[in-house]
Amino acid sequence: PQILQDVVATSRQVLGFFPAHNPRALEYPWIIAQLPEDVRGMRILDVGAGVNVLPLMLAGRGAAVVTLDNHPLTRDPNDRRDWNEWGFLDYSLLDPRVASIRAPYEHWHAQLEFDSMYSVSVIEHVPRDVRLVWIDAFKRQLRPGGLLLLTVDLIRDTDSLWNLCEGKPVEDPAVHGKFVTLLAELRTAGFDIASTQIQRGIPDCRVDIGFIRATSRMPWNPLRTSLRWLRSLFDRGRR
């Protein structure tokens, strides 16, 4: 509850609004809670940022934040009368510690590895073939052991990935897949799934929300594997 209060208050203060979409009251605090309390020096990427308070909160805590979005609508900080969470915002106009890039994620190549990445209800709005490109990019651009946080819209009372993007169907639902499909794709790409959760019954909302915490799998190290094997033998011998 305290994180939610902080998120709402900061959003209203720096953006002028908090989204009128109830899942955001769950998703934004969850992202903050999953990241370390001390993010100083961390490089963090927000994929499909739109207009949200998280990059500004994390930059305020000392993280180096990059936002990525390709929405055709540009948000002007000097005119916020009709702002909502959709659109491209150059966050550096609000906080120079945030770098904003306008590009499709599937075409963007990072110059540095990130310590953590997150995306709030975005990946389910792209076709599956694009989603697979995104997942490969997550793995390539995230340091080994780095943290990936995803929230995902699901069709209410099902495990099917939400199949609309700004009101238009993305693709055939059978192709688009389910929550378990996304988890399998992440594992195949080299992620270990640390935890998942599905929140249902959100008031005044036509979607359920899936939450995924994953880590980029460490590359295989024969020395580390041998040491673990020797340690297990030693522990058994002591018992």
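Before any of the text, the structure's been laid out above.
*Asks:* Before we move on, could you go through the packing of aromatic side chains and cite the residues and values that matter?
*Replies:* Evaluation of the coordinates by the stated rule reveals six aromatic pairs. Seen in terms of ring centroids, Tyr 105 and Trp 108 are 6.4 Å apart; in terms of plane orientation they differ by 40 degrees. Their pairing is tilted. Residue Tyr 105 is classed as buried on the basis of its relative accessible area of 3%. Where Trp 108 meets Phe 114, the ring centres are 6.4 Å apart and the plane angle is 45 degrees; that geometry is what we call tilted. When sorted by exposure, Trp 108 lands in the same class as Phe 114, which is buried. Through successive ring pairs, a cluster of aromatic residues spans Tyr 105, Trp 108, Phe 114, Trp 134 and Phe 138.

*Asks:* Please give an account of unusual backbone geometry that cites residues and values.
*Replies:* Of note in this structure, Ser 121 is not a glycine but carries a positive phi near 50 degrees. By secondary structure assignment, the location of Ser 121 is in the loop between β4 (114–120) and α4 (128–141). Here Asp 204, not a glycine, exhibits a phi torsion of approximately 50 degrees, which is positive. Structurally, the position occupied by Asp 204 is in the loop between β8 (191–199) and β9 (207–216).

*Asks:* An account of the environment of Leu 56 is requested, with residue identities and associated values reported.
*Replies:* In this fold, Leu 56 is placed in helix α3 (residues 54–60). Sequence spacing of Leu 56 and Ser 92 is 36 residues, and the spatial spacing of their C-alpha atoms is 9.4 Å. In this structure, Leu 56 is in contact with Val 14, Leu 15, Tyr 91, Leu 94, Asp 95 and Val 98, ignoring residues within four places of it in sequence.

*Asks:* Explain the pattern of salt bridges to me, using residue names and the numbers behind them.
*Replies:* Evaluated as defined, the whole model comprises twelve salt bridges. Two residues, Asp 95 and Arg 97, come together in a salt bridge whose shortest N-O distance is 2.8 Å. Among the residues examined, Asp 95 registers a relative accessible area of 9% and is labelled buried. Its salt-bridge partner being Asp 192, residue Arg 217 comes within 3.0 Å of it at the nearest N-O pair. In this pair, Arg 217 is assigned in the loop between β9 and α7 (222–238) and Asp 192 in strand β8, connecting sequence segments 25 residues apart. Each of Arg 24, Glu 27 and Glu 85 takes part in a single network of salt bridges with overlapping partners.

The rules behind the values
Residues numbered from 1 in each chain as written. Predicted model: local features only at pLDDT ≥ 70, side-chain atom pairs only at ≥ 80, totals over all residues. Heavy atoms only, no water. Phe/Tyr/Trp six-rings, centres within 6.5 Å; stacked < 30°, edge-to-face > 60°. Buried < 20%, exposed > 50% of the residue type's maximum accessible area, 1.4 Å probe, protein only. Helix = DSSP H or I, 4+ residues; strand = E, 2+ residues; numbered from the N terminus. Contact = heavy atoms within 4.5 Å. Salt bridge = Lys/Arg side-chain N within 4 Å of Asp/Glu carboxyl O.

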